[in-house]
Amino acid sequence: MLPPVTRRAFAPLILLLAFALGACSSGGDKELGPAVTIEALSPTATVPGSTSTPQPPPAATPTLPPAGGITFKPTAIPQGGFAIVYLNEAASSATMRFEGRMYPMLNDNNRWWAVIGVGALIEPGLHPVSITYTPLGKTAQQSITQSIAITDVAFPTEEVELDDATASLLAPDIVNAEIAQRASIYGGFTAQKLWSGPWVPPAKGSYSDPYGVGRSYNRGPVTDYHRGTDFLGDIGSPVYAAAGGRVVFTGELKVRGNSIIIDHGAGIFTGYHHLSAIGVEVGDVVKAGAQIGDIGSTGLATGPHLHWDVLIRGVEVNGALFLDGKEFGP
């Protein structure tokens, strides 16, 4: 039987690096070529009885981005959420900076865009987004900055009981080594959108532990928060790719157990952890809904479940926000 979970209002404390990954209980952050859209033209007609000469249709011109500045979609981000950032200037190249991270922007139909994400403990309020770009037909770069609002989310907390063997996986050397290993993977960037269509749940079970829950281990203080979304399931239950992408890691992580990591492009990755079996190899290209492994209880886990991570430029965000049945992107 799994330990009971106590939830209460979450007051963020100073995080201990040794717990930066967070444990899981089962609970029961190729460039696209510029495309051109041609406006539909009405056929030229002559009014009966008229002697005027028909005029040729105007020359077709590419669709330009809306004039002026930066657009955010949505206009505000909840803690743990994400947004798409659009540059509304005609440009030959563009790079964005947000919260100390650099985001190469992608081009779609002559409009530059990028996806940004924020963690559960980011301070609510206005946060600046800066874009440096080269105006179309020019060589000198320009910069523009606008702020996006981050809104507060009242995450609960929970108490997790670990036996001595499982708790030993939270030793600083083990945790820090895994942090470095994962950072080397999530630091990569594919300047192309590899997914299409809506994202799908990575397992058929219900949520057993949501993103953002504050974590207290063995009745200690809250030292970290749950950085993924857990799905209930029996050992051997199928695990699916949430979206199209390329497999960039398979293997064992000490804390997260047997794992698969998929690169979806635009700086977005998903991780599938605590698996009992891995059914893909590094380099495989997968589609949304393809089975890639089986649910298990490997690594730091108190029972069988899938721990699912979504990261944007290395920042863990709330994966449940991607599962609304709608495609996101330009």
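Above: the structure in question.
Parameters at a glance
Residues numbered from 1 in each chain as written. Predicted model: local features only at pLDDT ≥ 70, side-chain atom pairs only at ≥ 80, totals over all residues. Heavy atoms only, no water. Core = buried A, V, L, I, M, F, W, Y, C linked by side-chain atoms within 4.5 Å. Buried < 20%, exposed > 50% of the residue type's maximum accessible area, 1.4 Å probe, protein only. Helix = DSSP H or I, 4+ residues; strand = E, 2+ residues; numbered from the N terminus. 1 Å grid on protein atoms, 1.4 Å probe; cavity = no way out; pocket = protein on both sides within 12 Å on 5 of 7 lines; lining within 4 Å. Points joined across faces, edges and corners; volume = space filled by probe spheres on them. Nonpolar A, V, L, I, M, F, W, Y, C, P; charged D, E, K, R; others polar. Pairing = 2+ DSSP bridges. Axes fitted to C-alpha atoms, helices over the stretch in contact; angles between N-to-C directions. Phe/Tyr/Trp six-rings, centres within 6.5 Å; stacked < 30°, edge-to-face > 60°. Lys NZ or Arg CZ within 6 Å of the ring centre and 35° of its normal.

Caption draft 1: Here's a closer look at the nonpolar core. Ranked by size, the top nonpolar core spans 57 residues in total, and within it Ile131, Trp199 and Tyr272 carry the most contacts. Among the elements that make up this core, the one with the highest residue count is strand S3 (residues 82-87) (6 residues). The next biggest cluster of nonpolar side chains, apart from the first, holds 8 residues, and it includes Val160, Leu169, Leu170 and Val175.

Caption draft 2: The arrangement of the layout of surface pockets in detail. Here the second largest pocket defines a volume of roughly 250 Å³. Forming the walls of the second largest pocket are 13 residues, and the residues nearest its centre are Lys73, Pro74, Phe82, Asp324 and Phe328. A class-by-class count of the residues in the lining of the second largest pocket yields 7 nonpolar, 2 polar and 4 charged.

Caption draft 3: Region of the structure containing the sheet that holds strand S4 (residues 91-98). Taken in spatial order, the 5 strands make up an open sheet running S2-S9-S8-S4-S5, and their pairing is mixed. Only two strands of the sheet have a single partner each, and these edge strands are strand S2 (76-78) and strand S5 (101-104). Strand-to-strand twist of the sheet, defined as the mean angle between neighbouring strand axes without regard to direction, takes the value 30°. Where S2 meets strand S9 (residues 142-151), 3 bridges bridge the pair, whose relative direction is parallel. Residue Ile77 lies in a different strand from S9, and its bridge partner there is Ile150.

Caption draft 4: Broad picture of the packing of aromatic side chains. Tallied over the entire structure, the rule returns 12 aromatic pairs. Aromatic pair Phe82 and Phe322: ring centres 4.2 Å apart, planes at 20°, arrangement stacked. Of this pair, Phe82 sits in strand S3 while Phe322 sits in the segment after strand S23 (315-317), and the two are 240 residues apart along the sequence. Both residues of the pair, Phe82 and Phe322, belong to the buried class. Ring geometry for Tyr186 versus Phe269: centroids 5.3 Å apart, planes at 75°, classification edge-to-face. Here Tyr186 is found in helix H2 (residues 172-186), whereas its partner Phe269 is found in strand S18 (residues 268-275), with 83 residues between them in sequence. Residue Tyr186 is classed as buried on the basis of its relative accessible area of 4%. Three or more aromatic residues joined by ring pairs form one cluster here, namely Phe82, Trp195, Trp199, Phe322 and Phe328. Here the basic side chain of Arg111 rests over the ring of Tyr86, its NZ or CZ set 4.2 Å away from the ring centre.

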